[in-house]
Amino acid sequence: MTDSNEDRRTFPRAEVVMAGSMKGSYDRRDCAVIDISLTGAKLELDKPLDSKSIQTIRFSQTTALNVSVAWHKGTSVGVTFTDDPHDIANALERLLPDSCFEPFSKS
């Protein structure tokens, strides 16, 4: 029996390589987005995260999305979107493939 994270995800993730920026309580840092779904994203930083204080993240030309840090290890960080999935879908619809919106309807 296989029990992968993908089997438990509400929305499919897409592997991507895109620039992002995150803002915490004290600073703003650039990051690379490695994968993303309507519920969260995996980020890669140039140096390890020294706190869990990330509050928002912006991808490309999207509006800032509210996030919380789910985990961090070395230079990798997993964030969970805290906004409503419909708002996330509207913000990311141009950046994600259609498969990321299944079984969710964007409308």
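Once a new chain begins, its residue numbering starts again from 1 and follows that chain's sequence as written. The model is predicted, so local features are restricted to residues of pLDDT at least 70 and side-chain atom pairs to those at 80 or more, both for listing and for counting; the totals for chains, interfaces and linings are taken over all residues. No hydrogens and no water enter the side-chain calculation; it runs on all heavy atoms of the structure.

Undergrad: Can you help me understand the overall build of the chain in this one?
TA: In terms of helices and strands, the chain carries 2 helices and 6 strands. Mapped in sequence order, the helices and strands of the chain form the string α-β-β-β-β-β-β-α. Buried means the residue's accessible area, taken with a 1.4 Å probe over protein chains only, is under 20% of the maximum for its type, while exposed means over 50%, and partly exposed covers the values in between. Out of the 107 residues belonging to the chain, those deemed buried represent 37%. Contacts: residue pairs with any heavy atoms within 4.5 Å of one another. A fraction of 47% describes how many contacts in the chain between residues 6 or more apart in sequence connect residues 24 or more apart. By definition, any uninterrupted DSSP run of H or I lasting at least four residues is a helix, any uninterrupted run of E lasting at least two residues is a strand, and each is numbered from the N terminus.

Undergrad: Would you mind showing me how to read the pairing of strand β3 (residues 40–44) here?
TA: Side chains on a regular strand alternate between the two faces of the sheet. Alignment of strand β2 (residues 28–36) against β3, held across 4 bridges, turns out to be antiparallel. By the bridge assignment, V33 is partnered in β3 with L43. Connecting the antiparallel pair β2 and β3 is a turn made up of 3 residues. Of the strand pairs in this sheet, β3 and strand β6 (residues 76–81) are connected by 5 bridges, and their pairing is antiparallel. Strands qualify as paired when DSSP identifies two bridges or more between them.

Undergrad: Can you help me understand helix α2 (residues 85–92) in this one?
TA: Because an α-helix completes one turn every 3.6 residues, residues spaced three or four positions apart along the sequence face the same direction. All of the buried residues in α2 are I88, A89 and L92. Axial view of α2: buried residues confined to an arc of 100°, hence all on one face. Structurally, α2 contributes buried residues whose contacts are with β2, β4 (54–59), β5 (65–73) and β6. At the N-terminal boundary of α2, the capping side chain belongs to D84, with an oxygen 2.7 Å from the backbone nitrogen of H86. Here the arc refers to the directions that run from the helix axis out to each C-beta atom. We define a polar contact as two N or O atoms separated by no more than 3.5 Å, with the added condition that, inside protein, one atom must be a possible hydrogen donor and the other a possible acceptor, whereas residues neighbouring each other in sequence contribute only through side-chain atom pairs.

Undergrad: What is the right way to look at the nonpolar core in this model?
TA: As a rule of thumb, nonpolar side chains are buried together in soluble globular proteins. In this structure, I36, L43, I57, F59 and F81 are the most contacted members of the largest nonpolar core, which totals 28 residues. Mapped by element, the contributors of at least two residues to this core are β1 (14–24), β2, β3, β4, β5, β6 and α2. The dominant element in this core, judged by the number of residues it contributes, is β1, at 4 residues. Definition of nonpolar core: a set of buried residues of the types Ala, Val, Leu, Ile, Met, Phe, Trp, Tyr and Cys, connected through side-chain atoms within 4.5 Å.

Undergrad: Is there a simple way to think about the pairing of β6 in this case?
TA: A large share of β6 lies buried, amounting to 5 of its 6 residues. Here β5 runs beside β6; their pairing, made up of 6 bridges, is antiparallel. Bridge pairing in β6 links V69 to V79. In sequence, β5 turns back onto β6 through a hairpin of 2 residues, with G74 there showing a positive phi of about 60°.

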